[in-house]
Amino acid sequence: MDGRVALILSLPPSDERQAWIISDTGAVDRLGPANLHGSIAVSPDAQRIAYAVRSERSGVTTRLDEVWVAQAPAEQGNPQYSVPTKGESIIDLVWAPDAQNLLVATRETITSGGVRTHLRWLTPDTGAAKDLVSLPSDVVPGSFLWSPSGKLVAFHTQSGSLPSLCLLEIESGIVIFRFNVI
């Protein structure tokens, strides 16, 4: 970024979250809508904010099933992506270093038991989403760390009591490294 700091605040005792930007002069501005209850991501250039919401079609559940994107500092964005199945919920969003693409992590509860995490590559300008990988474990929200080129992303997973560190190649969608921490 250009000297500004982006903050994502969690406001207990509720699960409300807000995004703020602090300029190098100390000016503070809120980004996107207030009263969000899911993942929020500010693009590396601080020009856009992405956030997960519950769509009207999801009914009375608290399941977050849509990604909305707003031009900063706009209060309201537009829907850009919906999860493909009713059993999925958005658990994390993270902008790629290019500020043009989003990595969307969803959690699917499998009817026979267990969970599956899906990672998808979303291009908000076109609405195109590409399935990258499905994992038989939970991705730890907030654990994504990009390589400077944006071609690789590292993240943590948890399967039962077994934590792992994974490295995903974005172009191929292949987990090229997985280290189980015991």
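The sections below set out a description of the structure shown in this document. Keep in mind the model is a prediction, meaning the values are calculated, not measured.

### Things to note about the pairing of strand S9 (residues 102-109)
Consideration 1: Of the strand pairs in this sheet, strand S8 (residues 88-95) and S9 are connected by seven bridges, and their pairing is antiparallel. By the bridge assignment, Ile 90 is partnered in S9 with Thr 106.
Consideration 2: Between the end of S8 and the start of S9, which pair antiparallel, lie six residues, with Ala 99 showing a positive phi angle near 60°.
Consideration 3: Where S9 meets strand S10 (residues 115-123), eight bridges bridge the pair, whose relative direction is antiparallel. Bridging from a neighbouring strand, Thr 106 pairs with His 118 of S10.
Consideration 4: Hairpin connection, S9 to S10: the antiparallel pair is bridged by five residues, and Gly 113 has positive phi, about 110°.

### Side note on a nonpolar patch on the surface
Consideration 1: Taken together, the side chains of Leu 165, Ile 174, Ile 176, Phe 177, Phe 179 and Val 181 present a nonpolar region at the surface, about 520 Å² in accessible area.
Consideration 2: The topology assignment puts Phe 177 in strand S16 (residues 174-180).

### Focus: the pattern of salt bridges
Consideration 1: Evaluation of the coordinates by the stated rule reveals five salt bridges.
Consideration 2: One salt bridge connects Glu 88 with Arg 120, and the closest N-O pair in it is separated by 2.8 Å. With Glu 88 in strand S8 and Arg 120 in strand S10, this pair connects stretches of sequence that are 32 residues apart. The same class applies to Glu 88 and to Arg 120, which are both buried.

### Some thoughts on the environment of Arg 30
Consideration 1: Within the secondary structure, Arg 30 is located in strand S3 (residues 28-36).
Consideration 2: Separated by 11 residues in sequence, Arg 30 and Ala 19 have C-alpha atoms that sit 5.8 Å apart.
Consideration 3: Residues in contact with Arg 30, not counting those within four places in the same chain, are Gln 18, Ala 19, Trp 20, Pro 73 and Glu 75.

### Considering the pairing of strand S15 (residues 162-169)
Consideration 1: Strand direction decides the pairing type here: strand S14 (residues 152-159) and S15, joined by eight bridges, are antiparallel. Its bridge partner lying in S15, Val 153 is registered against Leu 168.
Consideration 2: Where S14 hands over to S15, the hairpin turn is made up of two residues, of which Gly 160 adopts a positive phi near 65°.
Consideration 3: In this sheet, S16 lies alongside S15 in antiparallel orientation, the contact comprising six bridges. Among the inter-strand pairings, Glu 169 is bridged to a residue of S16, identified as Ile 174.
Consideration 4: Count of turn residues in the S15/S16 antiparallel hairpin: four residues, of which Gly 173 carries a positive phi of about 70°.

### Here we look at the sheet that holds strand S5 (residues 48-53)
Consideration 1: The antiparallel open sheet is built from four strands, whose spatial order is S4-S5-S6-S7. A single partner strand is all that each edge strand has here, and the edge strands are strand S4 (40-42) and strand S7 (78-82). Geometrically, the sheet is characterised by an average inter-axis angle of 25° between neighbouring strands, direction not taken into account.
Consideration 2: As paired strands, strand S6 (residues 66-71) and S7 are joined by four bridges and run antiparallel to one another.

Thresholds applied
- Residues numbered from 1 in each chain as written.
- Predicted model: local features only at pLDDT ≥ 70, side-chain atom pairs only at ≥ 80, totals over all residues.
- Heavy atoms only, no water.
- Pairing = 2+ DSSP bridges.
- Helix = DSSP H or I, 4+ residues; strand = E, 2+ residues; numbered from the N terminus.
- Patch = residues over 30% accessible without salt bridge, like charges linked within 9 Å, V, L, I, M, F, W, Y side chains within 5 Å.
- Areas by Shrake-Rupley, 256 points an atom, 1.4 Å probe, with all protein chains shown as cover.
- Salt bridge = Lys/Arg side-chain N within 4 Å of Asp/Glu carboxyl O.
- Buried < 20%, exposed > 50% of the residue type's maximum accessible area, 1.4 Å probe, protein only.
- Contact = heavy atoms within 4.5 Å.
- Axes fitted to C-alpha atoms, helices over the stretch in contact; angles between N-to-C directions.

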